[in-house]
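Analysis of the macromolecular model
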Amino acid sequence: MKRKKLWMLAAILTCGLELTACSISDNATNADTKAGTKADLTVLTEWQAGKTVSDKIVAAYGGLDKCFAAEPIPDGVWARMQGKTYKENPYIGRDDLRHIRALHWDYDNQIHVGEMICNKQIADRVARILRQLFDAKYPIQRMLLPDVYGADDETQMRDNNSSCFCFRAIAGSTKLSKHARGLAVDINTLYNPYYKDRADGTRFIQPATAAEYCDRTKSFPYKIDHDDLCLKLFTEAGFEWGGDWKSCKDFQHFELIGE
């Protein structure tokens, strides 16, 4: 009887130790999970455009509504723009522009962090359109500020980047582009190029690597045409599409009508 009591006591002690070990292990796992979540949240709290996030991180951040906004340009973003997309000029200043935060999907079925600078006249509309495109899982490959590319339009277009503001002239002229006022948005630029047929029979294309995508009878990813959701949303919001122009074609381009 005594031996049986000792055996039962030993079993109880062993079980207690195992439960304690399990509790410690669970606490450590929870701590690691919380630390991981906190680290992943910096992608959104610091708004690191170009990074990917999970739906769990978006929820932890505060949900989708918090991830789409048009706000005054943060100091850090404004500093990045100097001498690149922004140059001192008499036409447009910081107060005329807004910083858009947005998420977007791509064909990899992942959520990507994006940002864009737009004129305050269109910023709320653009943020709303980007939210509608996100809800529809419309693929946008990149949404980085052109400053990442040294504000070189050719370079960012070759990388299929989507953007808005860049203080620059229209390609091949000295006239300021609508982008110089933040009133035009370019979407999936490599696959939706700009081209103009010259009188000498040659064709000017931007980006120069996009010649195959000038043929709009072909099927390829990111293509914007008259059945495209992006086109529908922008035109409903008061923009015109460069793909409908007669003297040239600019399939990536949406600009505010009458401005």
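About the thresholds
Residues numbered from 1 in each chain as written. Predicted model: local features only at pLDDT ≥ 70, side-chain atom pairs only at ≥ 80, totals over all residues. Heavy atoms only, no water. Phe/Tyr/Trp six-rings, centres within 6.5 Å; stacked < 30°, edge-to-face > 60°. Helix = DSSP H or I, 4+ residues; strand = E, 2+ residues; numbered from the N terminus. Buried < 20%, exposed > 50% of the residue type's maximum accessible area, 1.4 Å probe, protein only. Lys NZ or Arg CZ within 6 Å of the ring centre and 35° of its normal. Core = buried A, V, L, I, M, F, W, Y, C linked by side-chain atoms within 4.5 Å. Pairing = 2+ DSSP bridges. Contact = heavy atoms within 4.5 Å. Axes fitted to C-alpha atoms, helices over the stretch in contact; angles between N-to-C directions.

Okay, the packing of aromatic side chains next. This model, assessed by the stated rule, comprises 14 aromatic pairs. On the numbers, 5.3 Å between centres and 25° between planes, the contact of W105 with F134 is stacked. Here W105 is found in strand 3 (residues 97–105), whereas its partner F134 is found in helix 4 (residues 123–135), with 29 residues between them in sequence. With relative accessibility at 6%, the residue F134 sits in the buried group. Judged by centre distance (5.2 Å) and plane angle (85°), the ring pair of F234 and F239 falls under edge-to-face. Grouped by ring-pair contacts, the aromatic residues Y107, Y191, Y213, F220 and Y222 constitute a single cluster. The ring of Y61 carries the charged tip of K66 above its face, separated from the ring centre by 4.4 Å.

Okay, the nonpolar core next. Counting residues in each nonpolar core, the largest one holds 53 residues, and the members touching the most others are L44 and L103. Mapped onto this core, the elements with two or more residues apiece are helix 1 (2–45), helix 2 (55–61), strand 3, strand 4 (111–119), helix 4, helix 6 (229–236), strand 8 (239–241) and strand 10 (253–256). I73, V77, M81 and L145 belong to the second largest nonpolar core, which has twelve residues in total.

To continue, consider the sheet that holds strand 3. As summarised here, the arrangement of the four strands in space is 1-4-3-2, forming an open sheet in which the pairing is antiparallel. The open sheet terminates on both sides in strands that have one partner only, identified here as strand 1 (52–53) and strand 2 (69–71). Judged from the three bridges that link them, strand 2 and strand 3 form a sheet pairing that is antiparallel. Among the inter-strand pairings, A70 is bridged to a residue of strand 3, identified as I100. Most of the contacts of helix 4 go to strand 3, to which it runs at about 5°, and overall it touches strand 2, strand 3 and strand 4.

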